[in-house]
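# Survey of secondary and tertiary structure
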Amino acid sequence: MTTESAATARASTPRILVVGGGYVGMYTALQLQRKLRLKRGEAEIMVVEPQPYMTYQPFLPEAAAGSISPRHVVVPLRRVLDRCRIVVGEVRSVDHDKRVASVVTPATEEEGGGATEIPYDQLVIAPGSVSRILPVPGLADFGIGFKTVEEAIGLRNHVLEQLDIASSTRDAGVREAALTFVFVGGGYAGVEALGELENMARYALRYYHNVRVEDMKWVLVEATDRILPEVGEQLGRYAVRELRGRNVDIRLETRLESCEHRIAVLSDGSRLPTRTVVWTAGVKPAPVLAATGLPLNGRGRLIADATLRVAGHDGVWAAGDAAAVPDLTADREGVLCAPNAQHAVRQAKVLAGNVVAHLRGEPLTEYRHKYAGSVASLGLHEGVALLYGRRFKGYPAWLVHRVYHLSRMPTANRKSKVLAEWILSGLFKREIVSLGSLEHPRAEFEQAAGSGGDGGRPRP
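Residues numbered from 1 in each chain as written. Predicted model: local features only at pLDDT ≥ 70, side-chain atom pairs only at ≥ 80, totals over all residues. Heavy atoms only, no water.

### Topic: the side chain of Ser102
Mapped onto the fold, Ser102 is located in strand β7 (residues 100–104). Judged by its relative accessible area of 18%, Ser102 falls in the buried class. (Helix = DSSP H or I, 4+ residues; strand = E, 2+ residues; numbered from the N terminus. Buried < 20%, exposed > 50% of the residue type's maximum accessible area, 1.4 Å probe, protein only.)

### Observations regarding the environment of Gly22
Of note, Gly22 is situated in the loop between β1 (15–19) and α2 (23–35). For the pair Gly22 and Ser374, spaced 352 residues apart in the sequence, the C-alpha separation amounts to 20 Å. Each residue touching Gly22, except ones within four places of it in the same chain, is listed here: Tyr27, Glu49 and Met54. (Contact = heavy atoms within 4.5 Å.)

### A short note on the sheet that holds β1
Within the open sheet, the five strands sit side by side as β5-β2-β1-β9-β21. Their pairing is parallel. This sheet does not close on itself; its edge strands, each paired only once, are β5 (85–88) and β21 (316–318). Direction aside, neighbouring strands of the sheet carry axes that sit 20° apart on average. Sheet topology places β1 next to strand β2 (residues 44–49); five bridges connect them, and they run parallel. The residue of β2 that forms the bridge with Val19 is Val48. (Pairing = 2+ DSSP bridges. Axes fitted to C-alpha atoms, helices over the stretch in contact; angles between N-to-C directions.)

### Some words on the sheet that holds strand β12 (residues 180–184)
An order of β11-β18-β12-β13-β14 is seen for the five strands of this open sheet, with the pairing classed as parallel. Two strands bound the open sheet, and with one partner strand each, they are β11 (143–144) and β14 (248–251). Of the strand pairs in this sheet, β12 and strand β13 (residues 217–221) are connected by five bridges, and their pairing is parallel. Bridge assignment links Phe183 to a residue of β13, and that residue is Leu220.

Given below as structure tokens:
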């Protein structure tokens, strides 16, 4: 891609640059391509996203547990946004005075050049969030994240590999560390991931003759005094009771202080030998926001008004995790919309409509949506849900969780495949197999080449 001047771009078809292809980015672009007369040159839509797909994160725990195929929790952007221009790359900075964004693509390093400057007329900033990593000793070396489909499948493989290690070792210390799984963070990601993976591991142990369910130790570490605060105190206590009933060790008001040398040291003085530390203790705005020169609030999110325009900057829009949007349905002023999928999907629809209205000189719409509630899975057939003030728990809540998220899954194609997998998983046994070699597909070839399997010829 060659560098184009912003003046030339503005003189022709207006370009809408969407930064990010997650909830907000994909849904905004999808609405824009439906509403705009693209073939008549009303606008051009360009989406820049590091991955060529959107990940539906609420299904990551089920993908990790094997209930859903990994390829069915992602949505190919090029298929869904067939009238948009997709650029697989990362926006590193934005100069809104010049109306250009600096983008690094996979070809940048190959070409040996610098970042590409992409001009725009309207800018939609929706890069989402990244894991908030605290300076815990050993975390960078041994911690496992749970925000991408790659991390979810990697964690599944890792857990099953630990069962293999425990089954084959004669060293009591190695066995204990392999069967101890520590999850840090009692929000949705941590609780749902632990619940699904504990359920999967419990099922898998029926195929291990020398490892019992009682040998496993699952630990949930949460710095506050409760888990799942979004579903309320009562359902949060129920979730604690349910998980403890499955021998999950829940440590409230406790922090992870170190995990060096494969030993998790907690603030209550506990030292847990473990080969698995899963970090789900919160997220933070994507780093690119700090390189935009646009106004940020104290938490690093873009300051936007109720129409989802960035304050004081014409032609810049933001929503989702990246934006601090006022909640007009709140009882008091100053309350912001929670950075969750429920708001993100609805904000994307309003944002797209306002971009179209702006281009056509029509009045803008303010975003307002009263929070409907929250749902969370605790593993197969167990969950909690708070919807419009009504509480559900156990199987009904688990069913509500599945129905709600299936309805929010993009495209009928993906909905049908996920539903089919759920039906088949209810009829047949789980597939319990680790494919850890997928993470290093060339390992066997490299080993063969290095051991003289090439007849002594030099490697290319």
